[in-house]
Amino acid sequence: MLKQYEAYLKAEHRSQRTIDSYLDTCAKMMNYISKKVSDITYSDLMEWKGTLANLSPSSVNQKTAAVKNFFSWCQSVGYTESNPAADMKRLRANPKESIYIGAEEIEAFLGACRSIRDKAMLTVMVKTGVRQHELANLTIRSYLKMRNEGSNFLVIVGKGNKERKIYFSDEVMDLVDEYVIWRNNHAVNSDRLFLTFAGLPLNDSGMNRVIKNTAKRAGLANAEEYTCHSLRRAFATIKSNNNVPIAIISKALGHSNIATTTRYIKTNDELIETAMTM
């Protein structure tokens with residue numbers, strides 16, 4: 001059944017990241033409930049949802065969305081007569097105000113990198129605004145092809161399978177070139193551009209650990225709150241502070257809605273004071 005559901009998700013042009021997440025959530029849900037899909041009830045699903053109490057509201061909502069989508073598909077293809085997940089509600093999150101990360105903080109942050117891999121990798125993140133999984137999927141082949149052609153951008157596939165260009169400044173390319181030399185000297189056997197020091201693919205938790213540790217070494221306030229996502233926010237904030245139009249920032253981030261981009265941009269108190277006293 002999950003194979004058929006996977007085929008449906010692919011036909012709907014869901015990203016591979018979404019497909020993997022939905023399949024994993026649904027498999028674990030069915031394993032926990034241990035009933036035929038047609039026998040699963042709303043009460044069963046709420047009991048399963050109760051096992052997610054240790055997760056953040058956003059994580060619970062993502063898993064709830066996966067289950068709702070799965071049962072909607074089940075009903076549409078006749079595996080169930082009704083949709084037991086139809087009345088499952090999203091949790092109301094109490095969003096914590098995001099930290100301000102500006103140009104000075106980023107300069108200190110990058111200056112505290114412990115290796116050329118970290119410096120190149122984190123510089124690419126803060127200078128291009130890529131998502132963690134987009135960075136992890138960059139290949140050495142595509143990067144070297146870009147350099148050999150004298151180009152300065154790569155075409156990546158982002159959220160929702162949407163293509164966009166990410167641009168590399170000379171500063172960023174110089175750092176990545178230096179990292180590539182180090183990489184070649186260590187005989188890395190992978191097409192991925194950035195890897196763990198053990199030669200394995202990067203994942204979100206490992207990247208966040210590198211970011212937090214780098215922020216701590218830089219002596220930055222709120223270092224524990226630094227994540228892959230906060231570096232994307234920093235990219236948006238710095239570009240906005242440099243008077244880059246929000247429409248361009250939005251396109252660089254791969255957002256389909258400018259309203260999303262506006263939530264990424266954080267203004268510090270000094271800028272507010274300056275603007276209000278002009």
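None of these values were measured; they are calculated from a predicted model.

When helices and strands are counted, the protein shows 14 helices and two strands. By its C-alpha atoms, the protein is 60 × 55 × 35 Å across when sized along the principal axes. Relative to its full complement of 278 residues, the protein shows a buried share of 40%. When contacts within the protein are restricted to residue pairs at least 6 apart in sequence, those whose partners lie at least 24 apart make up 60%. Carbon together with sulfur atoms contributes 49% to the accessible area of the protein, which is approximately 15700 Å² in total. Each charge class in the protein can be summarised by its mean position, and for the 38 positive and 29 negative side chains these summaries are 4 Å apart.

A separate point is the nonpolar core. Counting 44 residues, the largest nonpolar core has Leu-122, Leu-135 and Phe-194 as its most contacted members. The set of elements that each furnish at least two residues to this core consists of α5 (103-111), α6 (116-128), α7 (132-136), α8 (140-148), β1 (153-157), α9 (170-185), α10 (204-217) and α11 (228-241). Ranked by residues supplied to this core, first place goes to α6 with seven residues. Non-local contacts of Phe-194, meaning those with residues more than four positions away in its chain, are made with Arg-117, Ala-120, Met-121, Val-124, Leu-135, Val-176, Tyr-179 and Leu-202. Counting residues in hydrophobic clusters, the runner-up holds 23 residues, among them Tyr-22, Cys-26, Met-30 and Val-37.

Counting across every chain of the model gives twelve salt bridges. For Lys-28, the salt bridge identified is with Asp-24, shortest N-O distance 3.2 Å. With Lys-28 and Asp-24 both in helix α2 (residues 16-33) and four residues apart, the pair spans about one turn of that helix. For Asp-24, a relative accessible area of 36% corresponds to the partly exposed category. One salt-bridge network, in which partners are shared between bridges, spans Lys-3, Glu-6 and Lys-10.

With that out of the way, let us pick up the environment of Lys-216. As for its placement among the helices and strands, Lys-216 is situated in helix α10. Lys-216 sits in the partly exposed class, given a relative accessible area of 43%. Each C-alpha atom, one on Lys-216 and one on Asn-189, is 31 Å from the other, the two residues being 27 residues apart in sequence. Those residues in contact with Lys-216 that lie beyond four places of it in its chain are Ala-223 and Glu-224.

This paragraph deals with the environment of Ile-33. Examined against the element boundaries, Ile-33 turns out to sit in helix α2. Among the residues examined, Ile-33 registers a relative accessible area of 11% and is labelled buried. When the C-alpha positions of Ile-33 and Asp-44 are compared, they lie 6.5 Å apart, and in sequence the two are eleven residues distant.

Our focus in this paragraph is a negative patch on the surface. A contiguous patch of negative charge, built from Asp-170, Glu-171, Asp-174 and Glu-178, is present on the exposed surface. Positionally, Asp-174 belongs in helix α9.

To continue, consider the side chain of Ser-250. Topologically, Ser-250 is positioned in helix α12 (residues 246-253). Within the structure, the side chain of Ser-250 is placed 2.9 Å from the side chain of Thr-261, a separation counted as a polar contact.

Look at helix α4 (residues 57-77): 30 Å from first C-alpha to last across 21 residues, which is about the 30 Å you get at 1.5 Å a residue. Residues of α4 that are buried sit in contact with α1 (2-11), α2 and α3 (42-50). Just past α4, the residue Gly-78 takes up positive phi, approximately 90°.

Procedures and definitions
Residues numbered from 1 in each chain as written. Predicted model: local features only at pLDDT ≥ 70, side-chain atom pairs only at ≥ 80, totals over all residues. Heavy atoms only, no water. Helix = DSSP H or I, 4+ residues; strand = E, 2+ residues; numbered from the N terminus. Buried < 20%, exposed > 50% of the residue type's maximum accessible area, 1.4 Å probe, protein only. Contact = heavy atoms within 4.5 Å. Areas by Shrake-Rupley, 256 points an atom, 1.4 Å probe, with all protein chains shown as cover. Lys, Arg positive; Asp, Glu negative; His and termini not counted. Charge placed at Lys NZ, Arg CZ, Asp CG, Glu CD. Core = buried A, V, L, I, M, F, W, Y, C linked by side-chain atoms within 4.5 Å. Salt bridge = Lys/Arg side-chain N within 4 Å of Asp/Glu carboxyl O. Patch = residues over 30% accessible without salt bridge, like charges linked within 9 Å, V, L, I, M, F, W, Y side chains within 5 Å. Polar contact = N/O pair within 3.5 Å; in protein donor to acceptor, adjacent residues only side chain to side chain. Expected span 1.5 Å × (residues − 1).

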